[in-house]
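Take a look at the letters that make up each chain.
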Amino acid sequence: MTNKTRNIVLLGIDAGIIALLSLIGVAFFWTIIDSIDLFNPLDEYFEDYDYADRYFAGIVNDEIPTSEEIFIVNFGYLNRQEIAEQIQILQMFQPAVIGIDAVFAEKRDDRDTILKNALSLENIVVGCFAKFRNNIPIEVIKPNSYFGNLKIGHLEFISEDVSVRVIEKYIIFEDIVINSFPVEIARQYQYDKFLKFAERDKKVEVINYRGGKVPFKVFDYEDIYPENDDLYQIKDKIVLLAYYREFKNAPCDTIDSHFSPVSKSEYGHADTKGIEIHAHVIDMILREDFINEISEVTTYIIAFIVCFVFQLWLIYYFKKDLKYFDITSKPLLFIVIICNMFITYQIFAHYKLKIDMIPTNLVLFLSGEVFRFYEETTRILKIKTYITK
C-alpha cells in the first residue's frame, strides 16, 4: 500500500469514527432530554419545530386561485331543523357530495324527522368521533341509528404536535375501517383519486396545505336560499357544512379552531377552523399533490454521511492550515449548517420531499467538539492516526 493510499484510508477511518461518535452522542443527549422533565421545554421545541411551516406561511398570501371544487357552508348556531332546511336548499343545486361536520349521536324529538329526510340521500357524509385508550379506539360515537345507515368519516386530528400538520387516513374499530372525514368525502367524489391516495404506503400523511389568500369560498347560512344564483357554483362539487363563525361577517372566534402552518392570527391564537383543514386534505387528494417523507433510519444515515464528509474536509484542513484552524473552523461549521437548512427547504419547496435535518445539524454541531476530543485522546494515547501522524 502506497503512502498516499494509506493516508486516504487513515483519513476515512478518522472521519468515520468522529461521525459515528457524534451520532452516538446526539442519540445519548436526546435520550436524556426526552426522559428528564427539566428539559421538557427544549424537548417540546424540537418536537414542534418544523421548517415546512415557513414554506406554508409564505404561500398564505400568494396569488393562488380559490378552489373551484370545494365550498364551505357555515351553519353557525342553527338548530337541527334549520340545518335540515339548509341541506334541502343545497340539494336543489345538485352538489356531488355534502359533508356535514356533525355527528347527530342522539335522537332529540319528532322534529328530527325533517333532518332524517335531509340526510337520506346518497351524497351525504356525516362525522363520527372515537374514544381512544393507548392510541387504540375503544368506542366510536356515530350518528343515531334513527337517521339510517349513513356514510361516516372520523373527525379527529390525531397529532402529538401543537399545530395540525398531518392527517390519519383511517382508524380501525372492531375490524372495520373508518376513513377520516375528508378521505371519505374524496372517496365519494372521485374514487380513482381516493384510490391513489389510499394506496400510498402510509397511514399518516403530511397535509399539503393549498395556500392563497382565500383557498376556499365560504357561504354563510344567510346566503343559502333558492334565489341565490351564486349557489350554482356548487353543482357537481363538494360542499362542507360546519361551524365557521357565528353569523355572516362575524369576528373570528376560537370554536373548533386549531393551530396550523397556514394560521394568520396576529395575536397568536388558533384560527384555522377544523372544516378548513378537512378542505385542505380533500384538495390535496384531488390535486394528487402529496408530500413524501424520508424515513427515520434514512434521516440518521444522511446525518452520518454529511458529518463524515464534513469531517474529511475538517481533518484535512486541520493538517494543512493549523495556524488559522481555530479561527475559521467554527464559522465554517455554522455556514455548513445554514446551507443544510437552505438546501432542505428548497428541496421541500420544489419537490415536496420532506427531510428532517435536525439530527444532521445536531450531529454537525457536536462533531466539532468530538473532533477535538478525538484528536487529544489519540495524541495522549499515542495512537497512530491521520490526525496524529
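Right above here is the structure, for reference.
Here the structure is a predicted model, which is why all the values come from computation and not from measurement.

Below, the discussion takes up the overall build of the protein chain. Secondary structure assignment for the protein chain yields eleven helices and 15 strands. Taken over the C-alpha trace, the protein chain has a radius of gyration of 27 Å; the compact-globule value for 389 residues is 21 Å, which it surpasses by more than 25%. Taking the principal axes of the C-alpha coordinates as reference, the protein chain spans close to 90 × 45 × 40 Å. Counting only contacts in the protein chain whose residues sit at least 6 apart along the sequence, the fraction spanning at least 24 positions is 79%. Counting only carbon and sulfur atoms, one obtains 57% of the accessible surface of the protein chain, whose full area is about 20,900 Å². Side chains of the protein chain carry 41 positive and 57 negative charges; the gap between the two charge centres is 9 Å.

Among the secondary structure elements, Thr378 is positioned in helix 11 (residues 358-380). A relative accessible area of 4% means that Thr378 is categorised as buried. In this structure the side chain of Thr378 is engaged in a polar contact, spanning 2.8 Å, whose partner is the backbone oxygen of Tyr374. Excluding residues within four positions of it along the chain, Thr378 makes contact with Ile383, Thr385 and Thr388.

Moving on to a positive patch on the surface. On the surface, Arg6, Lys319, Lys320, Lys384 and Lys389 cluster together into a positively charged patch. For Lys389, the location among the structural elements is in the segment after helix 11.

Moving on to the nonpolar core. Within the largest apolar cluster, 35 residues are counted, with the highest numbers of intra-cluster contacts made by Ile87, Leu90, Ile98, Ile100, Leu119 and Leu241. Listing elements by their share of this core, those giving two or more residues are strand 1 (70-74), helix 4 (80-91), strand 2 (97-100), helix 5 (112-118), strand 3 (124-133), strand 7 (170-173) and strand 11 (238-242). Looking at which element gives the most residues to this core, the answer is helix 4, with five residues. Setting aside residues up to four positions removed in sequence, Leu119 forms contacts with Ile87, Ile100, Phe104, Ile124, Val126, Phe147 and Leu150. In terms of nonpolar packing, the next biggest core, distinct from the first, is built from 28 residues, Phe157, Val206, Val262 and Met284 among them.

About the criteria used
Residues numbered from 1 in each chain as written. Predicted model: local features only at pLDDT ≥ 70, side-chain atom pairs only at ≥ 80, totals over all residues. Heavy atoms only, no water. Helix = DSSP H or I, 4+ residues; strand = E, 2+ residues; numbered from the N terminus. Rg over C-alpha atoms; globule rule 2.2 N^0.38 Å. Contact = heavy atoms within 4.5 Å. Areas by Shrake-Rupley, 256 points an atom, 1.4 Å probe, with all protein chains shown as cover. Lys, Arg positive; Asp, Glu negative; His and termini not counted. Charge placed at Lys NZ, Arg CZ, Asp CG, Glu CD. Buried < 20%, exposed > 50% of the residue type's maximum accessible area, 1.4 Å probe, protein only. Polar contact = N/O pair within 3.5 Å; in protein donor to acceptor, adjacent residues only side chain to side chain. Patch = residues over 30% accessible without salt bridge, like charges linked within 9 Å, V, L, I, M, F, W, Y side chains within 5 Å. Salt bridge = Lys/Arg side-chain N within 4 Å of Asp/Glu carboxyl O. Core = buried A, V, L, I, M, F, W, Y, C linked by side-chain atoms within 4.5 Å.

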